[in-house]
Amino acid sequence: MRKGNLFIVSGASGVGKSTVLQKVMESDKQLRFSVSATTRPPRPGETDGVEYYFVNAEQFNEMIAKGEFLEYNEHNKAMYGTPIAQLEEKLRDGDVILDIEPYGAFAVKEKRPDATLIFIVPPSQEELERRLWGRGDTSLEQITMRLERAKWEMEQQDRYDFVVVNDTVQECADRILHIIAAKADME
Ligand code: 5GP
């Protein structure tokens, strides 16, 4: 049975990645989203098993010990990991999207060289800063931390297969959908 293709999407905090990915998933009903496990608490509106599997540190460590992750990493004082079993299962059905940060992305690419890495960038650095401030829920310390992290993430973009600009959500989603369609055409 032909397996689906794996697409890994990363982008700096504040770049609007979740909104873009939502649009991508809405437009291509065949695509599946790989649900990561995390120790961070759910945000309002998030549901266990949809955005993430919300687990505690003990459960996460148990999953590590059992070798259940394709990769895992710490981010913002929480753990995030890609469970292998559900990813394999989804790949049997078709194409799968992973929303993970660069360290995780490179770890997956090493194990699955056929994975396509896509990096979302903001239209400009000013726009990224404006969006980060616009979130309104964050202290100066958190903003500074996010900006530093965003700077580092932006420096990783050359290691990705594709870089797409998020000027508007629709256009950015369309670019990602084209990449996914082009990969399918290559087979
Ligand atoms: P958030 O907490 O805002 O949903 O995600 C924070 C960061 O963790 C994002 O950059 C997201 O891409 C990343 N992330 C989500 N799931 C995983 C995962 O399974 N592994 C890794 N390495 N990063 C992840």
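You'll find the structure just up there.
Presented here is an overview of the structure given in this document.

Considering the site of the ligand
- Lining the immediate surroundings of the ligand are 15 residues, of which Ser36, Arg40, Tyr52, Tyr80 and Asp99 lie closest.
- One of the backbone N or O atoms of Gly81 is found 3.1 Å from an oxygen atom in the ligand.
- About the coverage of the ligand: the protein hides 88% of its 520 Å² of free accessible area.
- Elements with a minimum of two residues in the shell around the ligand: strand S5 (69-75) and strand S6 (78-83).

Some words on the packing of helix H5 (residues 125-134) against helix H6 (residues 140-155)
- Axis separation between H5 and H6 bottoms out at 10 Å; the angle between their running directions is 145 degrees. For the crossing formed where H5 meets H6, the hand is right-handed. Contacts between H5 and H6 pair Gln125, Leu128, Glu129, Leu132 and Trp133 from the former with Leu140, Ile143, Arg146, Leu147 and Ala150 from the latter.
- Across the contact of H5 with H6, the residue classes break down as seven nonpolar, one polar and two charged.

Re the sheet that holds S6
- Pairing is mixed in the open sheet, where four strands are placed in the order S4-S3-S6-S5. Edge positions in the sheet fall to strand S4 (52-54) and S5, since each has one partner strand and no second. Taken pair by pair, the neighbouring strands of this sheet meet at an average axis angle of 25 degrees, ignoring direction.
- Examined bridge by bridge, strand S3 (residues 36-38) and S6 share two bridges and lie antiparallel to one another. Residue Thr38 lies in a different strand from S6, and its bridge partner there is Tyr80.
- Along the sheet, helix H2 (residues 57-65) makes contact with S3, S5 and S6, crossing S5 at roughly 140 degrees.

Thoughts on H6
- The first and last C-alpha atoms of H6 sit 23 Å apart over 16 residues, in line with the 22 Å expected at 1.5 Å per residue.
- On its buried face, H6 is in contact with strand S1 (6-11), S5, helix H4 (102-111), strand S8 (116-121) and H5.

A closer look at the sheet that holds strand S2 (residues 32-33)
- Spatially, S2-S7-S1-S8-S9 is the arrangement adopted by the five strands of the open sheet, whose pairing is parallel. If you trace the sheet from one side to the other, it starts and ends with S2 and strand S9 (162-165), each paired once.
- Pairing geometry for S8 and S9, over four bridges, is parallel. If you follow Val121 over to S9, its bridge partner there is Val165.
- In this fold H4 packs onto S1, strand S7 (96-99) and S8, with an angle of close to 160 degrees to the strand it touches most, S1.

Conventions used here
Residues numbered from 1 in each chain as written. Predicted model: local features only at pLDDT ≥ 70, side-chain atom pairs only at ≥ 80, totals over all residues. Heavy atoms only, no water. Near = heavy atom within 4 Å. Polar contact = N/O pair within 3.5 Å; in protein donor to acceptor, adjacent residues only side chain to side chain. Areas by Shrake-Rupley, 256 points an atom, 1.4 Å probe, with all protein chains shown as cover. Helix = DSSP H or I, 4+ residues; strand = E, 2+ residues; numbered from the N terminus. Axes fitted to C-alpha atoms, helices over the stretch in contact; angles between N-to-C directions. Left-handed = near helix turned anticlockwise from the far one by under 90°. Contact = heavy atoms within 4.5 Å. Nonpolar A, V, L, I, M, F, W, Y, C, P; charged D, E, K, R; others polar. Pairing = 2+ DSSP bridges. Expected span 1.5 Å × (residues − 1).

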